[in-house]
Amino acid sequence: MESRQPMDGRASGIMLLLCLIWAMQQIALKATTDDFSPVFQIGLRTALGGLLVGLMMIGRRERIGAALALWKPGLCAGALYALEFILIGESLRFTTAGHVVVLLYTAPIFAAIGLHWKLAEERLAAVQWGGVVLAFCGVGIAFLLRGGAAPAQADAMLWGDLLALLGGAAWGATTVVVRVTPLASLPASQTLMYQLVGGSVLLLLAAALMGQTTFHSTPLVWAGLAFQVFFVAFFSYLAWFWLLTKYLASRLGVFSFLTPLFGVILGAWLLGEPIGPGFLLGSLLVVAGVVLLSGYGWYAQWRTHSS
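Figured I'd write up the structure that's included with this text. All values derive from a computational prediction rather than experimental measurement.

## Topic: the overall build of the chain
Regarding its fold elements, the chain presents 13 helices and zero strands. Put simply, the chain runs from its N terminus to its C terminus through helices and strands in the order α-α-α-α-α-α-α-α-α-α-α-α-α. Counting only residues that meet the buried cut, the chain has 49% of its 307 residues in that class. Within the chain, residue pairs in contact and separated by at least 24 positions form 87% of the contacts whose partners lie at least 6 positions apart. Accessible area for the chain stands at about 14,300 Å²; split by element, carbon and sulfur atoms hold 71% of it.

Spelled out as structure tokens, the structure:
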């Protein structure tokens, strides 16, 4: 019997806050790119976020024996987490924060395709395959319709957009690993800890190897780092996992796709990023496709209960 609740006012308010935080993380990274290398920043925030989660686990006296036995899938999840954010950090050097947040949120498409082949209960219906096609049509339009930019700038943005899309694929692959391995049986804090610890080591190593270790102490840099550590790596992830234990995942998943819309709006407002008509159309198709994919379970359940 389903013990989780449908969305209520409290859940909706928390999800609105989380969507704003997740959109703002790309804005904060982009705004400090010149003074704080994105990959280095993400690695440092991940390490400090892992420290906070570890202190919380100690305070709760969580037993981690079962988690330690799952080190192989845990390392895989951590490596994919690091790959996702290496790609995101590099993409922000070439394209806009708005582009990154939209293309990153293709992750549910990649996760759904992977889970379709791995788990019988995750098989996609015909309508959901339509959402996949619609989202990828949106990606194609966003990539191809780039009027107004100089050729060199357009090429750089194309490369950055490709890296962001690959980051979305890595995020989707992380979801598949967590879902189809014994990691799914662990408490959320322990699964998150594997990603934060493994990811921070690889991210900081990658930053050093790529020479992406710029750090100039400015008030904006310190404010951005504090936001990334406390609100993104600690609060938002734990709040999301808490919501998943209390509310229906399908409702939460659909709600989370306000994030790319917030990202485009905030990028234009705070950073003055242009919103081309081609990218705007592509973004709307991506969001519509992902909502169709993720919201189908909600609709099917509602139809079953109402009949």
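Having seen it, we continue.
## As for a nonpolar patch on the surface
Where nonpolar side chains cluster on the molecular surface, the patch consists of L17, F230, F231 and F235 and spans about 390 Å² of accessible area. In terms of residues, the nonpolar patch owes the most to one element, helix α10 (residues 219-246), which gives three residues. A relative accessible area of 33% places F235 in the partly exposed class.

## Comments concerning the packing of helix α6 (residues 107-118) against helix α7 (residues 126-144)
Between α6 and α7, the shortest axis-to-axis distance is 10 Å and the interhelical angle comes to 140°. By the criterion of interaxial angle, the relationship of α6 to α7 is oblique. Note that α6 runs across α7; the crossing there is left-handed. From α6, I109, F110, I113 and H116 reach across to α7, where they touch W129, G131, V132, A135 and F136. In the contact of α6 with α7, the residues fall into seven nonpolar, two polar and no charged.

## Here we look at α6
With 12 residues, α6 extends 17 Å between its outermost C-alpha atoms, agreeing within 8% with the 16 Å of an ideal straight helix rising 1.5 Å per residue. Taken together, the buried positions of α6 are A107, I109, A111, A112, L115 and H116.

## Thoughts on the packing of aromatic side chains
In the structure shown here, the tally under the stated rule is seven aromatic pairs. Relative to W171, the ring of Y105 has its centre 5.2 Å away and its plane inclined at 90°; by these criteria the two rings are edge-to-face. Here Y105 is found in the loop between α5 (97-104) and α6, whereas its partner W171 is found in helix α8 (residues 151-180), with 66 residues between them in sequence. Centre to centre, the rings of F110 and F136 are 5.6 Å apart; their planes meet at 75°, and the pair counts as edge-to-face. In this pair, F110 sits in helix α6 while F136 sits in helix α7, placing the two residues 26 residues apart along the sequence. Judged by its relative accessible area of 24%, F110 falls in the partly exposed class. Classification of F136 as partly exposed rests on a relative accessible area of 32%. A connected cluster of aromatic rings, assembled from ring pairs, spans F36, F40, F215 and W222. The ring of F85 has R45 sitting right over it, with the charged end atom 4.8 Å from the ring centre.

## Here's the deal with unusual backbone geometry
The residue R61 is not glycine, and still its phi comes out positive at about 60°. Structurally, the position occupied by R61 is in the loop between α2 (38-60) and α3 (65-68).

About the thresholds
Residues numbered from 1 in each chain as written. Predicted model: local features only at pLDDT ≥ 70, side-chain atom pairs only at ≥ 80, totals over all residues. Heavy atoms only, no water. Helix = DSSP H or I, 4+ residues; strand = E, 2+ residues; numbered from the N terminus. Buried < 20%, exposed > 50% of the residue type's maximum accessible area, 1.4 Å probe, protein only. Contact = heavy atoms within 4.5 Å. Areas by Shrake-Rupley, 256 points an atom, 1.4 Å probe, with all protein chains shown as cover. Patch = residues over 30% accessible without salt bridge, like charges linked within 9 Å, V, L, I, M, F, W, Y side chains within 5 Å. Salt bridge = Lys/Arg side-chain N within 4 Å of Asp/Glu carboxyl O. Axes fitted to C-alpha atoms, helices over the stretch in contact; angles between N-to-C directions. Parallel < 35°, antiparallel > 145°, perpendicular 65-115°, else oblique. Left-handed = near helix turned anticlockwise from the far one by under 90°. Nonpolar A, V, L, I, M, F, W, Y, C, P; charged D, E, K, R; others polar. Expected span 1.5 Å × (residues − 1). Phe/Tyr/Trp six-rings, centres within 6.5 Å; stacked < 30°, edge-to-face > 60°. Lys NZ or Arg CZ within 6 Å of the ring centre and 35° of its normal.

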